[in-house]
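# Inside the fold
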Amino acid sequence: MTKDMTAGNPLKLILLFSIPVLLGNIFQQFYNMVDTIIVGRFLGEEALAAVGSTGSIAFLVLGFAMGIAQGFGVMISHAFGARDEGRLKHYVAVALLLGILISAVLTGLTITLSRQLLSFMKTPENIFNMANGYITIIYAGLTATMFFNISSAILRGIGDSKTPLYFLMISSALNVGLDLFFIVTLKMGPEGAAYATVIAQAIAALLCFVHMFLHFDILKLQKRDFYLDFKSCRDMLSIGIPMAINYSVTAIGVIILQSAVNVFGSSVVASYTAASKVEQLASQPMTTLGTTMATYCGQNLGAGKYKRIFDGMKRGLILALIFAGFAALISVGFGKFVVCWFLSEPTETVLSYAIQYLTTVSCFYIPLALIYFYRNSLQGLDKGFMPMLSGLFEMVCRIGIVLLMQKAFGFWAVCFASPAAWLGAGIPLMITYLLWERDMKKKEDLSLS
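Just so we're clear, the structure is a prediction, and the values are computed from it rather than from any experiment. (Residues numbered from 1 in each chain as written. Predicted model: local features only at pLDDT ≥ 70, side-chain atom pairs only at ≥ 80, totals over all residues. Heavy atoms only, no water.)

### Section: the pattern of salt bridges
Tallying each qualifying case throughout the model produces 10 salt bridges. A salt bridge links lysine 231 to aspartate 235; the nearest nitrogen and oxygen atoms lie 3.0 Å apart. Placement of both lysine 231 and aspartate 235 in helix α9 (residues 230-262) is noted, with a separation of 4 residues, approximately one turn of the helix. Between aspartate 235 and arginine 234 there is a salt bridge whose closest N-O contact spans 3.7 Å. Residue classification places aspartate 235 among the buried residues on the basis of a relative accessible area of 12%. It is possible to trace a salt-bridge network through shared partners that takes in Lys231, Arg234 and Asp235. (Salt bridge = Lys/Arg side-chain N within 4 Å of Asp/Glu carboxyl O. Helix = DSSP H or I, 4+ residues; strand = E, 2+ residues; numbered from the N terminus. Buried < 20%, exposed > 50% of the residue type's maximum accessible area, 1.4 Å probe, protein only.)

Next comes the structure, spelled out in structure tokens:
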């Protein structure tokens, strides 16, 4: 089930690899959406606002874990593309050892600081305790999230995008059942949704690792593979840390944005929560393409096939623009319909704020598509500095818009904060790739002359 992306039609390979990843990403969103839908419909607007208000501080940490895992996957794709089985197995073992250490540290820090983070975000008093109960459980289950992402990244690094999908489907079904059991039957409130998510992800991670080690000879590790040496740790972390910091720096800007939303009260928080879920769902084809391009570029870089990288990037960019148009269509055409999933009787206030947000951000999905496309591609090409710096650009733009516009323009500042961030990050990433491509073509011309 491994897929060698260093030979064959680039567009066909990108599309075939992307389909399972897209379905997997949709199921990943399904985890989060089911929580909020069931919470909103069975527990009401305040509970929905409580869960939604934790989204940015959850992303601050979970995004860091995702970035680390994706960085590990990039290094594994390099070893796979270079046909270096010994190095690949050692990288897998190092990924597991580093994953244990990093998740232990993150879990301790986040549980300790959860209340301070919620206070910093000006979380409304009427939802504060519910929000803290929910996010504390999510943080306690960080190890499950970390290892599911690591197992998925390992498999995608060797070209298998199907296996993570299968276990996500199982986990999603479990998540729905556990949500209903904990919230409706046991009356556990928002904390029940958090327990459901953590348990479902833990089961998915366990099943994925068992299957991975039993069915893939290239991943069957031995005791000699498990050791932490400076070079391997440096190689893995040199890609993983910048990707993780990029997620977390971006999340800081989102936290500031969420703080601006919280000032308007729990009804507007509920509106923003529902609208953000629609935005995340609509943008999944863009995130999928980014994941695919990281693997494609990583394998071909490992194999030294630069012309295939250039060709794949041209074809992939066309797909990115198509996906941006599709996301805008979903947000504008079906936004109100999807928002109504989250509350049984949404008020006119909730709907109007949600539609205002979706209509505004949908006009700027092209720069968002460029971020996903070029950021992941550059990471696959072992060019992690600008992707990390782009997260800083996003944060500065979001914070700047909120500080400059909130008093004068109210909720419109929230609507324009993300588009400004996408413009500020997307353009430098595109320029960085084009400069890299120009330099590589010059080197190839010199080597032939």
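### Considering the packing of helix α12 (residues 306-339) against helix α14 (residues 365-380)
Remark: α12 packs on α14, axes separated minimally by 8 Å, with the N-to-C direction vectors making an angle of 140 degrees. It follows from the interaxial angle that α12 and α14 lie oblique. In this structure, α12 crosses over α14, and the sense of that crossing is right-handed. Across the interface between the two elements, Met313, Gly316, Leu317, Ala320, Leu321, Ala324, Ala327, Ala328 and Ser331 from α12 touch Tyr365, Ile366, Ala369, Leu370, Phe373, Tyr374 and Ser377 from α14. (Axes fitted to C-alpha atoms, helices over the stretch in contact; angles between N-to-C directions. Parallel < 35°, antiparallel > 145°, perpendicular 65-115°, else oblique. Left-handed = near helix turned anticlockwise from the far one by under 90°. Contact = heavy atoms within 4.5 Å.)

### Remarks on the environment of phenylalanine 64
Structurally, phenylalanine 64 is set in helix α3 (residues 55-81). A C-alpha to C-alpha distance of 14 Å links phenylalanine 64 and alanine 144, two positions 80 residues apart in sequence. The contact partners of phenylalanine 64, leaving out residues within four places of it in the chain, are Phe59, Ile102, Leu106, Ile241, Ala244, Ile245, Tyr247 and Ser248.

### With respect to the environment of glycine 400
Tracing the sequence through the fold places glycine 400 in helix α15 (residues 385-409). With 20 residues separating them along the chain, glycine 400 and alanine 420 place their C-alpha atoms 9.2 Å apart.

### Some thoughts on unusual backbone geometry
A positive phi angle, near 60 degrees, is found at arginine 83, a position not held by glycine. Mapped onto the elements, arginine 83 comes out in the loop between α3 and α4 (85-120). Note on arginine 83: relative accessible area 53%, which makes it exposed. The phi dihedral of lysine 187 falls on the positive side, at around 55 degrees, and the residue is not glycine. The topology assignment puts lysine 187 in the loop between α7 (163-185) and α8 (190-215). Since its relative accessible area comes to 65%, lysine 187 is described here as exposed.

### Notes on the state of the cysteines
Tallying each qualifying case throughout the model produces 0 disulfides. Looking at cysteine 363, it has no disulfide partner, and the nearest cysteine sulfur is the one in cysteine 415, 11 Å off. (Disulfide = S-S within 2.5 Å.)

### Points about α4
Helical periodicity: at 3.6 residues per turn, an α-helix aligns residues three or four positions apart in one direction. The largest bend in α4 amounts to roughly 55 degrees and is located at leucine 113. The positive-phi residue at the C-terminal boundary of α4 is lysine 122, with phi of around 60 degrees. (Bend = angle between axes of the 7 residues up to and from the residue.)

### Regarding the side chain of threonine 292
Of note, threonine 292 is situated in helix α11 (residues 284-303). By relative accessible area, which is 0% here, threonine 292 ends up buried. Excluding its chain neighbours within four sequence positions, the residues that come into contact with threonine 292 are Met5, Ile14, Phe17, Ser18 and Val21.

### Some points on the packing of helix α2 (residues 45-53) against helix α10 (residues 266-282)
One way to put it is that α2 packs onto α10 with a least axis distance of 8 Å and a crossing angle of 60 degrees. Here the hand of the crossing between α2 and α10 comes out left-handed. Residues Glu45, Leu48, Ala49, Gly52 and Ser53 of α2 form the contact with α10, whose participating residues are Ser266, Ser267, Val269, Ala270 and Thr273. Here the residues of the contact of α2 with α10 sort into 4 nonpolar, 5 polar and 1 charged. (Nonpolar A, V, L, I, M, F, W, Y, C, P; charged D, E, K, R; others polar.)

### Structural notes on the packing of aromatic side chains
Overall, the coordinates contain 15 aromatic pairs when judged by the stated rule. Ring centres of phenylalanine 181 and phenylalanine 182 lie 5.6 Å apart, and the angle between their planes is 50 degrees; this geometry places the pair in the tilted category. Among the residues examined, phenylalanine 182 registers a relative accessible area of 11% and is labelled buried. With 5.9 Å between their ring centres and 35 degrees between their planes, tyrosine 433 and tryptophan 436 make a pair best called tilted. Of this pair, tyrosine 433 and tryptophan 436 both sit in helix α16 (residues 411-448), 3 residues apart, which is roughly one turn of the helix. In this structure an aromatic cluster arises from ring pairing among Tyr306, Phe310, Phe373, Tyr374, Tyr433 and Trp436. Above the plane of the ring of phenylalanine 310 lies lysine 441, whose end atom (NZ or CZ) is 5.3 Å from the centre. (Phe/Tyr/Trp six-rings, centres within 6.5 Å; stacked < 30°, edge-to-face > 60°. Lys NZ or Arg CZ within 6 Å of the ring centre and 35° of its normal.)

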